[in-house]
Amino acid sequence: MAADYVSPFDERVRAAEPLAPRPASVQRQHAVLLDIRKNRGAEFLDRMETLLRAEGASTARVTKEIFSKPAALGLIDEIASGGGLVVEALAD
Amino acid sequence: MEPMRTAEGSDGRGAGAVGAAGAVGGPAAELAVRGTGPGRITVGGLTADGGALLVFVSEHCPTSALALRRLGPLCEAWAQAGLAAIAIFEDPLDLAIRTARRLGWGGQVAAQEPPYPASRAYQVTTVPTTVLVGRGGLVAGRVTGWDQRALAGLLHEAGQGLGAELAVPPGAEPLTKPGCSSKAAIEPELAAAMSGQGGGDEPEEMFERGWTDGLPVIPPTAERVEAMLGGRDGGESLGLVPPAMGEATLARVAACAVLAGCRPAYFPVVAAAARAVLDPAFNLHGQAVTTQPAGQLVVVNGPVRETIGLNSGMGALGPGFRANLTIGRAVRLLVSLTGGAMPGAMDRATLGHMGKLGCCIAEDEQVSPWEPLHVERGFEPGQSVVTVIGSDAPLSISDHRSRTPEDLAYILAWAAASAWSTNWWPLADPSVFVICPEHAEMFRGAGWTKQRLRQFMFDAVRKPAGQLQRGETTPAVHAAAPDALVPKWASPEAIVLLVAGGEAGRYSAVLGPCTGMGSQIVSREVT
């Protein structure tokens, strides 16, 4: 018989969050552009914003407190309630 | 041996009523099995990329061995196409792991104990039985025993569901081979008699379970963990360990301490360090996943150093002392295992450094001319305190020739000029200087306080911004006039001074910072 071990892992089952359905087009969609404050991420978002608007989407910019920490719950709520699309910029 | 049944996928005969859970056409039953990694194995998880191939096997069965040998080399290609393969043994997990490894099985491994609930849920009476679960979690087909042609058909069907051409086992003899009785289908006494000997290779099993930092560990048996807890409540939660947010129950912290090789007497220090790294101000989340090399430096002050034999003397940053090495390792195992920050997984460090195996230093408070770190941070001298600091690898600083405290302070400070990066000035995060006793003695002799040394070092290391405006540098340097002097540190408080090391030799060291994480130094009393 196997020995009775105490696992260092947290063995709890977590339900996978399914990906939200992707729209066929960005036209008339509202996109939230999330700047995580990583160096030069804003430049990437500038380009994305231009492209999204050219495709008929409206945009809004939000910013994390710092790139190295999870976004605050309030910010996540703001993103969830504010737009159908999210673009998050990782950069360096 | 039982008579072979093949290609039941067409009608499901012999595998329960069509459409029943676990039978062909029915929903895949959940798997009550143990795997080798964290978390439970679920049908949803296995089919997340498209489909799953459940191969029920037993160690005692030659046909199972044949199936594992023939199918094992194909698993990786299947996985890339979206088909997860898992061998579900009717044996103890350690035996399953060794058997799978010996036979070259390339998929996942799981085990079930008597009365073999997974085999029963899938009406497995013969091993091997291979079950295909398709998208939507429905059982799409099954093959009993070894039947190369039927398995090729099953894989063709799986490939159609995935939109891919899946590799099939070679058409080599034997093309068919009867299976063996499933242990789920016979009397418990007979099943026990058929079972191989479990155990016997615990260190290897720890590797297979992933309960390691790459070095051998002490298996965390219930008895050892209980001894480590020393009567404490193992269910007490210290919080969630990022990035995977595993819950740091005291029992899991103790399991990490056992794995690391700690003695129970060390556990109060390990627990205090765990509480410290889980303080949100430390931002372990950022440190754990960064591409930076940073590890978690554990500094111990107070009477507990002597109580448990922590070394603050010769070789204080090196090998040789169980308490230092295992306490630091236990903290790192908590981050890596409970927190999920394993290199290449959620730990994304480009290089890392050896101190990430664990780095625990005790300050030599008797030799130091200054108040120790914990007193600086507001604790009483008689308190035992753990302080954690996100830090880089140590850089040695040799100075045998300075004859004034000013010269020595200059050498020490400028050694850190390249900490983090040559032109990244100023650093807001702490650089930790470990001052050796001979260097400390020079400052004592000259009557320098810790504050004076820190201020001198802060003032000494400055460069014109123009010399720093090259390659990676800070916005402050970019914005400064070329002749404006920029300091290496944002403030004197970014210089942390400790005293430790052997009484002979003039080698101090500096550990650069973990930068830009918003991480603060955190201290916790050892209780």
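Before reading further, recall that the structure is shown in the block above.
All values reported here derive from a predicted model rather than from experimental measurement.

A word on the overall build of chain B. Of the regular secondary structure elements, chain B holds 20 helices and 21 strands. Seen along its three principal axes, the alpha-carbon backbone of chain B occupies a region of about 90 × 55 × 35 Å. Residues counted as buried form 55% of the 527 residues belonging to chain B. Nonlocal contacts in chain B, meaning residues at least 24 apart in sequence, comprise 76% of its contacts between residues at least 6 apart. Surface accessibility of chain B: about 20,400 Å² in total, with carbon and sulfur atoms responsible for 55%. The distance from the centre of the 40 positive side-chain charges to the centre of the 50 negative ones in chain B is 2 Å.

By convention, interface size is frequently given as the accessible area that disappears when the constituent parts associate. Opposite the 19 residues of chain A that make contact, chain B presents 38 residues. Both sides together, the interface formed by chain A and chain B hides about 2,300 Å², and carbon and sulfur atoms give 60% of it. Together, Tyr-5, Pro-8 and Phe-9 of chain A form the three largest contributors to the area buried by chain A at its contact with chain B, with a combined 33%. Counting the contacts that link chain A with chain B gives one salt bridge. Inspection of the region where chain A meets chain B yields nine residue pairs in polar contact (both at pLDDT 80 or more).

Residue and element names in this part refer to chain B. Running from amino to carboxyl end, helix H9 (residues 222-229) crosses helix H10 (residues 250-260) at an angle of 105 degrees, the nearest separation of the two axes being 9 Å. The orientation of H9 with respect to H10, classified from their angle, is roughly perpendicular. Here Arg-224, Val-225, Met-228 and Leu-229 of H9 come into contact with H10, specifically with Leu-250, Ala-251, Ala-254, Ala-255, Ala-257 and Val-258.

Residues and elements named next belong to chain B. Here helix H8 (residues 202-209) has its buried residues at Glu-205, Met-206 and Arg-209. Projected down its long axis, H8 shows its buried positions confined to an angular sector of 105 degrees, all on one face. Looking at the buried side of H8, the elements it contacts are strand S1 (34-35), helix H4 (93-102) and H10. Among the residues trailing H8, Gly-210 stands out with phi positive, at a value near 85 degrees.

On to the packing of aromatic side chains. Aromatic ring pairs are described here by two measures, namely the spacing of the ring centres and the angle between the planes. Following the criterion strictly, the structure yields 10 aromatic pairs over all chains and no others. Plain terms: the ring middles of Phe-56 of chain B and Tyr-122 of chain B are 5.5 Å apart, the flat faces sit at 45 degrees to each other, and that makes the pair tilted. Of this pair, Phe-56 of chain B sits in strand S2 (residues 51-57) while Tyr-122 of chain B sits in the loop between helix H5 (117-121) and strand S5 (126-127), placing them 66 residues apart in sequence. Tyr-122 of chain B matches Phe-56 of chain B in its accessibility class, with the two residues each being buried. Ring centres 6.1 Å apart and planes at 40 degrees place the aromatic pair Tyr-410 of chain B and Trp-414 of chain B in the tilted group. With a gap of four residues between them, Tyr-410 of chain B and Trp-414 of chain B both fall in helix H16 (residues 405-415), about one helical turn apart. One cation-aromatic arrangement involves Lys-38 of chain A over Phe-67 of chain A; the distance from NZ or CZ to the ring centre is 4.1 Å. Its guanidinium or amino end placed over the ring of Phe-458 of chain B, Arg-462 of chain B lies 4.9 Å from that ring's centre, counting from NZ or CZ.

All names here are of chain B. The interhelical angle for the contact between helix H11 (residues 267-277) and helix H14 (residues 322-338), taken along N-to-C directions, is 40 degrees, at an axis separation of 10 Å. In terms of axis orientation, H11 runs oblique to H14. Crossing of H11 against H14: the hand is right-handed. Counted together, Val-269, Val-270, Ala-273, Ala-274 and Val-277 of H11 and Ile-327, Ala-330, Val-331 and Leu-334 of H14 form the full contact between these two elements. Classifying every residue of the contact of H11 with H14 by side-chain character gives nine nonpolar, no polar and no charged.

Here the focus is the sheet that holds S1 of chain B. Residue and element names in this part refer to chain B. Spatially, the six strands line up as an open sheet ordered S1-S4-S3-S2-S6-S7, and their pairing is mixed. Each having just a single partner strand, S1 and strand S7 (139-144) make up the two edges of the open sheet. Across five bridges, strand S6 (residues 129-133) lies against S7 in antiparallel orientation. Its bridge partner being in S7, Leu-132 is matched across the sheet by Gly-141. Taken strand by strand, helix H6 (residues 148-162) contacts S2, strand S3 (83-89), S6 and S7, and its axis lies near 165 degrees from that of S7.

Our next topic: the state of the cysteines. All names here are of chain B. Applying the stated criterion across every chain yields a total of one disulfide over all chains. The partner cysteine of Cys-61 in its disulfide is Cys-180, sulfur to sulfur 2.3 Å. In this structure the cystine formed by Cys-61 and Cys-180 twists about its S-S bond by roughly 75 degrees; its chirality is therefore right-handed. With a gap of 119 residues between them, Cys-61 in the loop between S2 and helix H2 (62-71) and Cys-180 in strand S10 (residues 180-181) connect regions that are remote in the sequence. Of the residues examined, Cys-180 reaches a relative accessible area of 6% and is grouped as buried.

Rules used throughout
Starting from 1, residues in each chain are numbered consecutively following that chain's sequence as written. Think of it this way: whatever chain is written first is A, whatever ligand is written first is 1, and the rest follow in order. Only residues with pLDDT of at least 70 are given local features in this predicted model, and only at 80 or more are side-chain atom pairs given and counted; all residues enter the totals for whole chains, interfaces and linings. Heavy atoms from the whole structure form the basis of all side-chain values; hydrogens and water molecules are not counted. Helix numbering and strand numbering both begin at the N terminus, where a helix is a DSSP run of H or I of at least 4 residues and a strand a DSSP run of E of at least 2. Only protein chains enter the accessibility calculation, which uses a 1.4 Å probe. A residue is then buried if its area is under 20% of the maximum for its type, exposed if over 50%, and partly exposed in between. Contacts are assigned to residue pairs that have any heavy atoms within 4.5 Å of one another. Computed with a 1.4 Å probe, the accessible areas rest on the Shrake-Rupley method; for each residue, only the protein chains presented here act as cover. Note on charges: Lys and Arg go in the positive column, Asp and Glu in the negative column, and His and the chain ends are not counted at all. In this description, the location of a charge corresponds to atom NZ of lysine, CZ of arginine, CG of aspartate or CD of glutamate. Here's the idea: put two parts together, see how much 1.4 Å probe accessible area each one loses, and the total over both is what we call buried area. By salt bridge we mean one thing: a side-chain nitrogen of Lys or Arg within 4 Å of a carboxyl oxygen of Asp or Glu. Polar contact is the term for a pair of N or O atoms within 3.5 Å; when the atoms are in protein, one must be able to donate a hydrogen and the other to accept it, and sequence-neighboring residues count only if both atoms are side-chain atoms. Axis angles are defined between N-to-C directions and span 0 to 180 degrees, where every axis is a line fitted to C-alpha atoms and, for a helix, only to the segment in contact. Angles are sorted into four bins: roughly parallel if under 35 degrees, roughly antiparallel if over 145, roughly perpendicular if 65 to 115, and oblique for all others. Here the arc refers to the set of directions running from the helix axis out to each C-beta atom. A pair of aromatic rings is counted whenever rings of Phe, Tyr or Trp (Trp by its six-membered ring) have centres within 6.5 Å, and the orientation is called stacked for planes under 30 degrees apart, edge-to-face for over 60 and tilted otherwise. Only Lys NZ and Arg CZ are tested; either one counts as a charge over a ring when it is within 6 Å of the ring centre and within 35 degrees of the ring normal. In this scheme the handedness of a crossing depends on how the near helix is turned from the far one: anticlockwise by less than a right angle means left-handed, clockwise means right-handed. All amino acids are sorted into three groups, where Ala, Val, Leu, Ile, Met, Phe, Trp, Tyr, Cys and Pro are nonpolar, Asp, Glu, Lys and Arg are charged, and the leftover types, Gly among them, are polar. At least two DSSP bridges between two strands are needed for those strands to be called paired. Disulfide assignment relies on a single distance test, namely cysteine sulfur atoms paired within 2.5 Å.

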